[in-house]
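# Observations on chain architecture
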Amino acid sequence: MSYLTIGCRSGLPARAVAMLTRMSSPRTPLTRLLTVLLAGLLAGLVLAVAALPGNLLAGLATRAVLGAFDDLPAALRTPATPQRSYLYANDGKTLLTTFYDVNRTDVPLAEIAPTLRQAIVAAEDRRFYSHGGADLRGMARALVANVTGGGTAQGGSTLTMQYVRNVLKSDPSRTAEEREAATEQTVGRKLQEIRYATELEKTLSKDEILNRYLNIAYFGSGAYGVAAASQRYFGKSPADLTLAESALLAGLVQSPDEYSPIDGDREAALERRGYVLDSMVATGAVTAAEADRARAEQLTLHPTAQPNGCTATVTADAGFFCDYLRRWWLEQPAFGATEQEREQALRRGGYRVVTSLDPDVQATAAAEARKVYPADDARALPIAAVEPGTGRVLALAVNREYGVGDGQTVNPLVSGGGSITGYQAGSTFKLFTMLAALENGRTLSTGFDSPSRLTTRFPAEGEASCGGRWCPANANPARMDGYRMMWDGFGRSVNTYFVWLEEQVGPAKVVEMAQRLGITFRARTDADLAAHDADNWGAFTLGVSATTPLDLANAYATVAAEGTYCAPTPVVSVTGPDGATVPVGQPSCRQVLSADVARAATDAARCPVGQQSAYGQCNGSTAGGVDRIVGRPVAGKTGSSEKNATETFVGFTPQVAVAGIAANPDDPSDVVGAAVQGEVITAVARTIRTAVDGLPVRDFTAPSRELAGNPQRPTPRPSPRAPEQEDQNFPSDLLRWLQNRRG
């Protein structure tokens with residue numbers, strides 16, 4: 001619309017219209033004289049209109065000056081103002097961090113101190129409750145005062161007009177040019193603002209407009225809205241503001257950057273506070289005595305910087321969990337059609353996210369990881385904890401610090417993704433062989449006279465070859481060789497038993513079982529083998545595929561939940577700014593194993609941790625100390641990759657599954673060594689103990705006699721007593737050589 005059209009509709013003389021046009025043109029500089037003449041002309045017009053009776057004035061403002069206007073922008077009807085999103089721990093109280101582009105959180109008017117509401121009205125728009133959106137008398141007063149000079153510049157905009165301007169300049173649905181136009185110093189923009197404000201007051205109550213204004217106004221120092229401002233300056237909610245604090249905040253909106261007592265002029269802020277208090281006396285909001293007492297108060301600030309993103313988590317060591325949640329969020333269609341839209345929703349949508357993180361479990365896992373390796377060590381111990389039956393991730397901890405500074409990393413060391421394909425988890429993968437065998441007709445009593453070395457059907461070259469065939473060996477023949485069933489084969493981690501068992505079932509079924517329980521092949525070579533040559537992947541049972549602590553913990557949690565697989569989730573609930581629950585993050589579970597098969601595998605998994613199976617068949621362990629640390633029914637499995645490059649332990653009860661893998665994430669050739677496995681076991685066991693503390697003691701359900709089979713053993717061959725030793729997937733002579741070399 002041209003200014004000539006605006007002028008004609010508003011009844012301005014043609015000469016005034018021409019002046020308006022020239023004034024609004026960025027290419028025509030204004031002289032002081034032209035400004036005075038134009039202001040005088042407008043002031044005369046406005047004063048003349050202002051002298052009319054109230055009802056007539058309102059009618060003219062709507063019909064003659066503004067014209068009919070029904071096309072109120074959607075953003076003004078339902079504002080899409082950016083708001084902070086909050087992340088909490090699973091108690092719904094412990095703040096982890098916030099996400100925002102704009103530091104803002106909407107609050108209802110009832111949660112804003114009355115003194116602040118009164119202060120804003122007194123400072124910015126004393127006739128707020130009596131005008132119809134555009135206060136022409138106030139505009140006339142401001143015009144005259146600004147032209148004659150000699151005092152503080154006055155604005156002619158009402159609170160409603162200011163609200164319109166703030167919404168239009170921040171509306172994410174508008175283009176950058178449209179948002180910039182919302183603050184242009186032109187008569188056309190001002191008239192449009194008046195039209196919108198008048199129309200808005202037909203649809204919203206005064207209190208609703210005031211509430212919206214208080215939630216969008218900028219208060220300086222990065223704080224938008226009263227909730228953010230109250231926290232930023234005073235570290236409290238807006239409901240708890242005093243009169244002096246309310247007056248100070250109300251004074252900031254006129255010139256937030258200049259008056260901010262944190263980033264601007266402290267004395268100017270106090271002077272402005274005094275002006276607001278005087279205005280409150282003038283409006284009758286407070287008495288002169290109350291204003292004087294507030295004026296005499298010292299300005300006491302408690303600056304509170306809101307955390308922003310995963311590198312600034314309030315809860316210590318929660319950065320890696322936060323990063324996992326953010327990656328999960330970006331995959332959820334509920335937050336937008338594209339990844340960019342979902343990112344924007346997290347940073348601008350005002351969500352309240354109650355995560356699945358348990359602060360106590362997280363703190364224990366992080367502390368235990370740092371007992372094994374310090375934060376600046378090249379090696380890492382990532383630990384994950386998962387709740388069986390829901391998939392809720394209780395902890396993702398590692399000894400490293402999450403961040404982008406020196407010695408920090410933002411790589412997802414615990415959950416995998418990006419460049420992190422995972423780590424070899426050794427004999428923990430024997431669980432998948434056992435499950436596949438049980439599902440395909442074998443029983444726990446399936447026996448085999450396990451030799452020190454077993455020649456298989458799989459082709460191989462080099463040291464692991466016997467006549468062109470792969471021939472793995474037991475790490476400790478004295479403890480492992482001989483007749484074994486699933487119980488003691490698993491308890492003693494007998495390589496040749498499980499390689500033989502895998503051959504009987506078929507490696508493809510073992511690989512499929514691992515995938516069914518949530519093992520993801522992130523490394524390309526692993527994915528290719530699984531997809532195209534799984535039946536020849538004989539070494540799979542020894543854990544040569546890369547995995548992560550989260551995948552491993554969740555796979556074992558499936559067994560703990562008696563065959564119910566639940567997709568891992570980092571949230572308990574997500575609530576939108578309107579209070580409605582977003583349907584995401586709820587447990588997504590399905591039965592992937594028969595309960596009896598899972599119970600049978602659990603029964604054998606009692607052996608490695610020093611406990612006894614329901615059928616009394618455990619006779620050796622690789623992590624016997626777990627029983628003493630946890631002090632309740634527990635199961636699990638150790639794992640060592642070739643040459644002890646990594647050391648792993650997974651433990652579980654019916655209520656939690658925890659996995660930890662010691663490795664060098666950046667250098668797989670950096671051998672962590674056999675000695676660290678005991679520390680990994682202890683770290684995981686203590687994390688389990690924290691997770692179940694206070695929960696009722698639950699036992700595992702025994703498997704059926706059908707799956708147990710007939711545990712008859714032949715007379716064992718005599719063998720020398722050997723000390724308990726963690727399992728390794730390489731010969732004992734190589735272990736002794738490595739130990740002597742380090743010794």
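It should be noted that the structure appears before, not after, this text.
These lines cover the structure that appears in this document, whether it is placed above or below.

Calculation criteria
Residues numbered from 1 in each chain as written. Predicted model: local features only at pLDDT ≥ 70, side-chain atom pairs only at ≥ 80, totals over all residues. Heavy atoms only, no water. Pairing = 2+ DSSP bridges. Helix = DSSP H or I, 4+ residues; strand = E, 2+ residues; numbered from the N terminus. Axes fitted to C-alpha atoms, helices over the stretch in contact; angles between N-to-C directions. Contact = heavy atoms within 4.5 Å. Core = buried A, V, L, I, M, F, W, Y, C linked by side-chain atoms within 4.5 Å. Buried < 20%, exposed > 50% of the residue type's maximum accessible area, 1.4 Å probe, protein only. Expected span 1.5 Å × (residues − 1). Salt bridge = Lys/Arg side-chain N within 4 Å of Asp/Glu carboxyl O.

## Brief notes about the sheet that holds strand E17 (residues 635-640)
Here five strands make up an open sheet; going across it, the order is E5-E4-E19-E18-E17 and the pairing antiparallel. Edge positions in the sheet fall to strand E5 (393-397) and E17, since each of these pairs with one other strand and no more. Strand-to-strand twist in this sheet, taken as the mean axis angle between neighbours without regard to direction, amounts to 5°. Relative to strand E19 (residues 657-662), strand E4 (residues 383-386) runs antiparallel, the two sharing four bridges. In the strand pairing of E19, Val-386 is matched with Ala-657. Here helix H26 (residues 549-560) sits on the sheet in contact with E4, E5, E17, strand E18 (647-652) and E19, set at roughly 150° to E19.

## Quick notes on the nonpolar core
Side chains of nonpolar character tend, in soluble globular proteins, to be buried together. Counting 104 residues, the largest nonpolar core has Trp-329 and Phe-432 as the members making the most contacts within it. The element contributing the most residues to this core is H26, with eight residues. Beyond its immediate chain neighbours, meaning those up to four positions away, Phe-432 contacts Val-510, Met-513, Ala-514, Leu-517, Ile-519 and Ala-555. One finds Val-121, Ala-123, Leu-200 and Val-276 within the second-largest nonpolar core, a separate group that totals 63 residues.

## Concerning the side chain of Thr-558
Looking at where Thr-558 falls in the secondary structure, it is placed in helix H26. Filtering out sequence-adjacent residues up to four positions away, Thr-558 remains in contact with Leu-517, Gly-563, Thr-564, Tyr-565 and Val-592.

## Topic: helix H8 (residues 159-170)
For H8, built from 12 residues, the straight-helix expectation of 16 Å at 1.5 Å per residue is met to within 8% by its first-to-last C-alpha distance of 17 Å. Across the 12 residues that make up H8, a large majority, 10, are buried. Where H8 is concerned, the buried positions are Leu-159, Thr-160, Met-161, Gln-162, Tyr-163, Val-164, Asn-166, Val-167, Leu-168 and Ser-170. Buried-residue contacts for H8 involve helix H5 (74-77), helix H6 (114-124), helix H9 (176-181), helix H10 (187-203), helix H11 (206-216) and helix H18 (339-348).

## Describing the pattern of salt bridges
Summed over the entire model, instances satisfying the criterion amount to 24 salt bridges. Arg-457 is the partner of Asp-535 in a salt bridge, and the nearest nitrogen-oxygen pair spans 3.7 Å. Taken as a pair, Asp-535 in the loop between helix H25 (524-532) and strand E13 (546-547) and Arg-457 in the loop between strand E9 (448-450) and strand E10 (465-466) lie far apart in primary sequence, 78 residues in all. Residue Asp-535 is classed as partly exposed on the basis of its relative accessible area of 39%. Owing to a relative accessible area of 36%, Arg-457 belongs among the partly exposed residues under this scheme. Put simply, Glu-512 and Arg-516 hold a salt bridge, and the shortest N to O gap is 2.8 Å. Here Arg-516 and Glu-512 lie together in helix H24 (residues 507-516), a separation of four residues that amounts to about one turn. Here the salt bridges do not stand alone but share partners, grouping Arg-165, Arg-189, Lys-190 and Glu-193 into one network.

## A short note on the sheet that holds strand E3 (residues 352-355)
Spatially, the four strands line up as an open sheet ordered E2-E1-E3-E15, and their pairing is mixed. Two strands in the sheet have a free side with no partner beyond their single neighbour: strand E2 (95-99) and strand E15 (571-575). On average, each strand axis in the sheet is tilted by 15° relative to the strand beside it, whichever way the strands run. Sheet analysis places strand E1 (residues 85-88) next to E3, joined by three bridges and oriented parallel.

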